[in-house]
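# Secondary and tertiary structure notes
Residues per chain, in single letters:
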Amino acid sequence: MPVYKAPTRDTRFIINELLQLEQHSSLPGFENASADMIDVVVEECGKFCSEVLAPLNLSGDQEGCTRHADGTVTTPKGFKEAHAQFREAGWGTLSAPEEFGGQGMPHVLGMMAEEFISSANQAWGMYPGLTNGAVSAILVKGSPEQQAKYLPKMIANEWLGTMNLTEPHCGTDLGLIRTRAVPNADGSYAITGTKIFISAGDHDLTENIIHLVLAKTPDAPDSTKGISLFIVPKVLVNDDGSLGERNAVSCGSIEHKMGIHANATCVMNYDGAAGWMVGEENKGLAAMFIMMNAARLGVGIQGLSQAETAYQNAVKYAGERRQGRALTGPAEPNEKADTLFVHPDIRRMLMDAKAFTEGMRALCLWGALQVDLSHKAASEEERQMADDLISLLTPVIKGYGTDKGFDTCVQMQQVFGGHGFIEEWGMSQFVRDCRITQIYEGANGVQAMDLVGRKLAMQGGRAVQAFFALVDAECAAAKAKPQLEALAGQIEKANGELKAATMWLMQNGMMNPNNAGAGAHHYMHIMGIVSLGLMWLRMAELAAAKLAEGSEDKAFYEAKLVTARYFGERYTPDAGALRRKLETGGEAMMALPVEMFATA
């Protein structure tokens, strides 16, 4: 049976010691975020996820969801009860606005909860998780009446939400959507069409589901400029807030998927369902990006979360499984064999995982703080800087985070040898569940092109130049400290590779757009390495200071320094290789005629 224990110590280290959330106590929402309070929230959330959600992960995967003849869906055994406990404890309200029933806490704590929930049970976590994106869109684009009608119930998790974008004939190219919205006399619209791949499209966890649906009105331009966004409830909501009749929306089928079996990924049929426009007509794309950006950060967390759980199980197995002898001679002569930990190749995989998960956790929580600061920082300059940084790094957190998250899951499965391929050990589920994170909410190739094609150029390159300067300044300061000199130099060199890759794309991407497309994936990974490197430099500096102070938690901080050293030695050299790949351009990649790809 797979295990999971929320990494509360590492999380508290990042939030309280690295990010020093208390220093922002003068900002709205941070007033009550004391270190003691954060410790309690982190520990209690970890306990709920480890004890309530994690035990349902394997059984939920095996049981899956059931669609009934009336188009409704039931979730696996225990899911509904777990959601009731989640709702009653208020875990979904942590960072939601107080005016609609949330706790108004920093987004950092909401991100912490998302990691723990997804690590414990990714499929379950997607039910309340998708609601966050829907809430974000209604908060920004919804009318006061729509906000009052839907947000309190959604934030309280009494109702959950979905995002309905994809159709059978189009995914990323949303200008091709065919779902129609015909105006009714009462101000509503009749929504007709089919959406696919709709996570949490129907379920029995709540009495209502609020679907956010992209559709086109009759005279809309036949492009992305003609998209509008609509609220389409599963059950119609009366003016007094009570539930009325069932709307004309149903689950046509549940997709048969590689993973996340316990989440109802539905084909949704809208047969003249009543819907209400959110924001302006033909302006749905802007609202969609609000949902997508929130979702993309959440998916980046999912890449981390599956890697973390897979890593925990691999560490446990490596410590118990005896196989062969250490290359330097028996480590435990009294035993017939040594544990897997004596083998360098096992250590390589486990250290790769440790360096990624701890670095990625720091990056995600730091990113969440930038979301907070972009709205709440004291000065316009600070707000702009935070917004620039998180806008630049959102595709990196999603794309690099899930690419490396999946790779980590595969390597942790490898630690198990043959047992990793057997379902009862649970490692296969982590690999299968993590695979979707590279695909949904914008496939990782789309993330890379968003980074290269949009984010680098925004405001004349202001964001990426600020990022370069931030990394350079911290590396220069750290190089003056003997214990950090080597690591700082390695990260500084990787940042140099990133700058050179950026310059090459600027010079060659506009000349031939295929050069930018061919190198975008590599560029995203270079920026991922540098981003994690910045986090490791900060963690190493803090760990060294704590050890110098004589901290009682000596082993924890020493482990940070060793892992930081490993990251510098084993991760940062890849930046140079990736730059050299990028600089080969797109000529050979695009040269073959299509017919030459056929093998028979």
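The structure contained in this document is the topic of the report that follows. (Residues numbered from 1 in each chain as written. Predicted model: local features only at pLDDT ≥ 70, side-chain atom pairs only at ≥ 80, totals over all residues. Heavy atoms only, no water.)

Our next topic: the overall build of the chain. From N to C terminus, the chain includes 17 helices and 11 strands. Computed over its C-alpha atoms, the radius of gyration of the chain comes to 24 Å, within 12% of the 25 Å expected for a compact globule of 600 residues. When contacts within the chain are restricted to residue pairs at least 6 apart in sequence, long-range pairs at least 24 apart make up 74% of them. Total accessible area on the chain is roughly 24700 Å²; 53% of this is exposed by carbon and sulfur atoms. Across the chain, the mean location of the 52 positive side-chain charges is 5 Å away from that of the 71 negative side-chain charges. (Helix = DSSP H or I, 4+ residues; strand = E, 2+ residues; numbered from the N terminus. Rg over C-alpha atoms; globule rule 2.2 N^0.38 Å. Contact = heavy atoms within 4.5 Å. Areas by Shrake-Rupley, 256 points an atom, 1.4 Å probe, with all protein chains shown as cover. Lys, Arg positive; Asp, Glu negative; His and termini not counted. Charge placed at Lys NZ, Arg CZ, Asp CG, Glu CD.)

With that out of the way, let us pick up the nonpolar core. Met112, Leu392, Phe467, Tyr523 and Met527 are the most contacted members of the largest nonpolar core, which has 170 residues in total. Per-element accounting of this core gives the leading share, 18 residues, to helix α14 (residues 513–548). What Tyr523 contacts, discounting residues up to four positions off in sequence, is Leu451, Val452, Leu456, Val464, Phe468, Leu498, Ala501, Thr502, Leu505 and Leu582. Of all hydrophobic cores here, the second largest spans 19 residues; its members include Ala310, Tyr317, Ala318 and Met412. (Core = buried A, V, L, I, M, F, W, Y, C linked by side-chain atoms within 4.5 Å. Buried < 20%, exposed > 50% of the residue type's maximum accessible area, 1.4 Å probe, protein only.)

The next point concerns unusual backbone geometry. With a phi close to 50 degrees, Gln20 is a non-glycine residue in the positive phi region. Its place among the elements puts Gln20 in the loop between α1 (8–18) and α2 (35–53). Residue Ile260 is not a glycine yet carries a positive backbone phi of 40 degrees. Note on placement: Ile260 falls in the loop between β10 (249–254) and β11 (265–278). Ile260 sits in the buried class, given a relative accessible area of 4%.

What follows deals with the packing of helix α8 (residues 344–376) against helix α9 (residues 380–415). Put simply, α8 and α9 touch, their axes get as near as 8 Å, and they point 155 degrees apart. One finds that α8 runs roughly antiparallel with respect to α9. As for the relative orientation of α8 and α9, their crossing is left-handed in sense. (Axes fitted to C-alpha atoms, helices over the stretch in contact; angles between N-to-C directions. Parallel < 35°, antiparallel > 145°, perpendicular 65-115°, else oblique. Left-handed = near helix turned anticlockwise from the far one by under 90°.)

The pairing of strand β8 (residues 235–237) with strand β9 (residues 243–246) spans 2 bridges and is antiparallel. The partner of Val237 across the bridge, within β9, is Leu243. Taking the residues that link successive antiparallel strands as the turn, the β8-β9 hairpin has 5 residues, and the phi of Gly241 there is positive, at about 90 degrees. (Pairing = 2+ DSSP bridges.)

Turn by turn, an α-helix covers 3.6 residues, leaving residues three or four places apart pointing in a common direction. The end-to-end C-alpha distance of α2 is 26 Å, a good match for the 27 Å that 19 residues give at a rise of 1.5 Å each. Among the residues of α2, those classed as buried are Met37, Ile38, Val41, Val42, Cys45, Gly46, Phe48, Cys49, Ser50, Val52 and Leu53. Along its buried surface, α2 packs onto α1, α3 (57–63), α4 (79–89) and α5 (107–141). (Expected span 1.5 Å × (residues − 1).)

Moving on to the packing of α9 against helix α10 (residues 427–435). Two numbers describe how α9 lies on α10: the axes approach to 9 Å, and their chain directions differ by 165 degrees. Viewed along their axes, α9 and α10 adopt a mutual orientation that is roughly antiparallel. In this structure, the crossing between α9 and α10 has a hand that is left-handed. Between α9 and α10, the contacting residues are Gly405, Phe406, Cys409, Val410, Met412 and Gln413 on the first element and Met427, Ser428, Phe430, Val431, Cys434 and Arg435 on the second. Along the lines of polarity and charge, the residues of the contact of α9 with α10 split into 8 nonpolar, 3 polar and 1 charged. (Nonpolar A, V, L, I, M, F, W, Y, C, P; charged D, E, K, R; others polar.)

What follows covers the pattern of salt bridges. Following the criterion strictly, the structure yields 34 salt bridges and no others. The closest approach of N and O atoms between Glu43 and Arg12, which form a salt bridge, is 3.0 Å. Residue Glu43 is located in helix α2, and its partner Arg12 is located in helix α1; the two are separated by 31 residues in the primary sequence. Judged by its relative accessible area of 31%, Glu43 is partly exposed. Of the charged contacts, one joins Lys499 and Asp472 as a salt bridge, the two residues approaching to 2.4 Å between their closest N and O atoms. With Lys499 in helix α13 (residues 485–508) and Asp472 in helix α12 (residues 462–478), this pair connects stretches of sequence that are 27 residues apart. Of the residues examined, Asp472 reaches a relative accessible area of 23% and is grouped as partly exposed. Because the salt bridges share partners, they merge into one network encompassing Asp10, Glu115, Glu308, Lys354, Glu358, Arg361 and Lys560. (Salt bridge = Lys/Arg side-chain N within 4 Å of Asp/Glu carboxyl O.)

This part is about the environment of Glu583. Relative to the elements of secondary structure, Glu583 occurs in the loop between α16 (574–582) and α17 (587–591). Residue contacts for Glu583: discarding those within four places in its chain leaves Ala500 and Trp504.

Under the criterion given, the structure shown has 11 aromatic pairs. Look at Phe13 and Tyr557: their rings are 6.1 Å apart centre to centre, the planes differ by 65 degrees, and that puts the pair in the edge-to-face class. Placement of Phe13 in helix α1 and of Tyr557 in helix α15 (residues 554–570) is noted, with a sequence separation of 544 residues between them. Like Tyr557, Phe13 is buried. An aromatic cluster is defined as three or more aromatic residues linked by ring pairs; in this entry it consists of Phe13, Phe556 and Tyr557. The residue whose ring lies beneath Lys149 is Trp276, and the NZ or CZ to ring-centre distance is 5.9 Å. The ring centre of Phe406 lies 5.5 Å from the NZ or CZ of Arg435, which sits over that ring. (Phe/Tyr/Trp six-rings, centres within 6.5 Å; stacked < 30°, edge-to-face > 60°. Lys NZ or Arg CZ within 6 Å of the ring centre and 35° of its normal.)

Under the defined criterion, the tally for this structure stands at 0 disulfides. Among the cysteines around Cys49, which has no disulfide bond, Cys45 carries the closest sulfur, lying 4.2 Å off. A relative accessible area of 0% means that Cys49 is categorised as buried. Cys434 provides the cysteine sulfur closest to Cys364, a residue in no disulfide bond, and the two sulfurs are 12 Å apart. When its relative accessible area of 2% is taken as the criterion, Cys364 is described as buried. (Disulfide = S-S within 2.5 Å.)

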